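Close look at the chain arrangement
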Amino acid sequence: MKKILTTILLSIIFFIADSGSTKAQTLPGSCPEGMAWDPDIFFCVILEDPAVITCDSGTSGYCFELRFDKDVNEYCPWICKWTGKANDYCNRLYAILLNFCISLDDN
Amino acid sequence: MNDKNYNYFIVILFALLSSISCTRSARDFDKGSNIIGVDLDTIQYQPSIKDLFEKVEIIPLETKKESIIESSSGLKHQVYKDRHYILSTKQNKLFVFERKGSFVKTIEKIGNGPGEYRMIYDFEISRFDGKLHLMAPYGSILIYDSEGEKFIESFHLPDSIRAVHQFKILNEDIYVFNSDSENSDLYFYSKSKNAIVSSLSVMPNFLRVTPFKYARTPFYYYKDSLRYFMGYDGTVFNINPENFSLDKRYFLDFGKRNFILKDLPLNESVIYYYEYYKSIANKIATGFAIYFETDKYLISRYDLKNNINYLFYNKQNKKIMSVFKVKEDVQLGLSFIESDTLYYFVPVDFAHLYLNDKVVSVENFEKLQKLTSDSNLLMIKYVLK
């Protein structure tokens, strides 16, 4: 049962990671501000102009990186951490799912 | 597929999923002087809680709609003028409670105007002027009066530094920032000069995304000294306020169970390092997450045999104890220090891991029994012997 659950979760994570890795995959013409569609690699890419800042204003997204944030209890160690680098991307849901997988693993 | 292969498959799959990479090569530190030998085969493992602490108390934080701290992860804590200041980095909010746990207020300045922030990762009430400092990870310090009511001033690190994650106030003029994502770890900022006056690269860059590092902060104060420690092997440095150098202060030598940095593969993913960490933390001492220092003790939390252990080094008689569980059959949870008192914050549902009727007084235990899952976090107070 545990393996089945883990496999299902991994499939979900794989899907999310595929759509939310450091390069943003999206529909042509719908890239976030500061990014442009590259038809060769079928991804949105960061524009070269260093003045363009595309950071997200919440607690995940662009300018965040997935980190194992050791804490005193480690109930939910995976977080999106601010790096300020526009080519970093962290999907909050991905971090939540990893925390869930670790709970399953530990049990 | 057997279990071993299945686990291996998971590791590979996670490694493929994660795109986080690293570039710097590893660096060894010579161990120098001030070595504390830790022979895990002979030291005491399961002392009574009475061997370590004068008393253990529980302080439930008052439960009100506005006082709820949603998670015990991502907290920072300081006691100032008989009040507990607790920063929740997840809620971007500073909670203030009286010593006995009654709620006072929250300090929350979210916005884009002067004295406002979008995120807050660290705070400190300065021991020099009593002013409240809030640190935003994009390199801003916002300074308020001690009540957090009146915004006084702010400063911002140079734009070349895009992220900082912790800070400490070294003296009246110098602030030390730690970054987990810039080229250097430590930045020394002079407020009077409005400039970075020194920077240091201490920890190999690739370790920053791994569990081989501190929890919450690599800094701690001991009296007027500011210390900095390495999460992977436990080396403690004193930060010299004169020339901003790191002077080696302590090294915990576990002999054959020491962590060897050069054995760690480079440039792997964050998930890979997590799995690797779990596999080697069974055999060696690593993951030094927290240090505390008092006149009597040097205390470190580290991982061994996949358990969270606390090492107590008595500076006076040189005796060492390593504790996962005490004789009373509960774990220790130590996160913050104020003089000789240590604190831990825990959700009520997890309190049974740390507390039972052998550890706290009857009155305290009854107080605990009355709490529910909806109650605010519980503060456990350990007074050192």
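Residues numbered from 1 in each chain as written. Chains lettered and ligands numbered in written order. Predicted model: local features only at pLDDT ≥ 70, side-chain atom pairs only at ≥ 80, totals over all residues.

In this section: the overall build of chain A. Each helix and strand counted, chain A has two helices and six strands in total. Helices and strands appear in chain A in the N-to-C order α-β-β-β-β-β-β-α. Taking all 107 residues of chain A together, 32% fall into the buried category. Nonlocal contacts in chain A, meaning residues at least 24 apart in sequence, comprise 37% of its contacts between residues at least 6 apart. (Helix = DSSP H or I, 4+ residues; strand = E, 2+ residues; numbered from the N terminus. Buried ≥ 20, exposed ≤ 12 C-beta atoms within 10 Å, placed from the backbone. Contact = placed C-beta atoms within 7 Å.)

Attention now moves to the overall build of chain B. In terms of helices and strands, chain B carries four helices and 25 strands. Relative to the compact-globule value of 21 Å for 385 residues, chain B shows a C-alpha radius of gyration of 21 Å, a close match. For chain B, the spread of C-alpha atoms along the principal axes amounts to about 60 × 55 × 50 Å. Put simply, chain B has 385 residues, and 41% of those count as buried. Sequence separation of at least 24 residues holds for 53% of the intrachain contacts in chain B that already meet a minimum separation of 6. (Rg over C-alpha atoms; globule rule 2.2 N^0.38 Å.)

Moving on, we come to the sheet that holds strand S3 (residues 75-80) of chain B. Residue and element names in this part refer to chain B. Read across the open sheet, the four strands follow the order S3-S4-S5-S6; overall the sheet is antiparallel. Strands with a single pairing partner mark the edges of an open sheet, and in this sheet they are S3 and strand S6 (103-107). Taking each pair of neighbouring strands and ignoring which way they run, the sheet shows an average axis angle of 20°. (Pairing = 2+ DSSP bridges. Axes fitted to C-alpha atoms, helices over the stretch in contact; angles between N-to-C directions.)

Residues and elements named next belong to chain B. The phi dihedral of Asn-92 falls on the positive side, at around 55°, and the residue is not glycine. Structurally, the position occupied by Asn-92 is in the loop between strand S4 (83-88) and strand S5 (93-98). For Asn-92, a count of 18 C-beta atoms within 10 Å gives the class partly exposed. Look at Lys-223: it is not a glycine, yet its phi comes out positive at around 55°. In this structure, Lys-223 sits in the loop between strand S15 (219-222) and strand S16 (225-229). The exposed category is assigned to Lys-223, around which 8 C-beta atoms lie within 10 Å.

As a further point, take helix H3 (residues 270-280) of chain B. Those residues of H3(B) that sit buried are B:Val270, B:Ile271, B:Tyr273, B:Tyr274 and B:Tyr277. Here the buried residues of H3(B) occupy an arc of 165° about the axis, which is enough to place them on one side. (Arc of directions from axis to C-beta.)

Attention shifts here to the nonpolar core. One finds B:Met135, B:Ile299, B:Phe312 and B:Ile380 to be the most contacted residues of the largest nonpolar core, which totals 122 residues. If we skip the residues at most four places from it in the chain, B:Met135 touches B:Ile120, B:Tyr121, B:Asp122, B:Phe123, B:Ile141, B:Val164 and B:Phe167. (Core = buried A, V, L, I, M, F, W, Y, C linked by C-beta atoms within 7 Å.)

Residue and element names in this part refer to chain B. A residue-level look at chain B finds 91% of positions with pLDDT of 70 or above and a mean pLDDT of 89. Segment residues 13-32: pLDDT under 50, and 46 contacts once partners within four positions in sequence are set aside and those in other chains are kept. Confidence estimates for the predicted assembly give a pTM of 0.83 and an ipTM of 0.82. (pLDDT = per-residue confidence, 0-100.)

Let's shift gears to the sheet that holds strand S9 (residues 140-144) of chain B. All names here are of chain B. Strand order in the open sheet formed by four strands is S7-S8-S9-S10, and the pairing between neighbours is antiparallel. At either margin of the open sheet sits one strand with a lone partner, and together these are strand S7 (122-125) and strand S10 (151-156). Direction aside, the axes of adjacent strands within the sheet are offset by 15° on average. Here strand S8 (residues 132-136) runs beside S9; their pairing, made up of five bridges, is antiparallel. Counted as the bridge partner of His-133 is Ile-143 from S9.

All names here are of chain B. Inspection of the secondary structure puts Val-362 in helix H4 (residues 362-369). Given 8 C-beta atoms within 10 Å, Val-362 falls into the exposed group. Sequence-wise, Val-362 and Glu-338 are 24 residues apart; in three dimensions their C-alpha atoms are separated by 25 Å.

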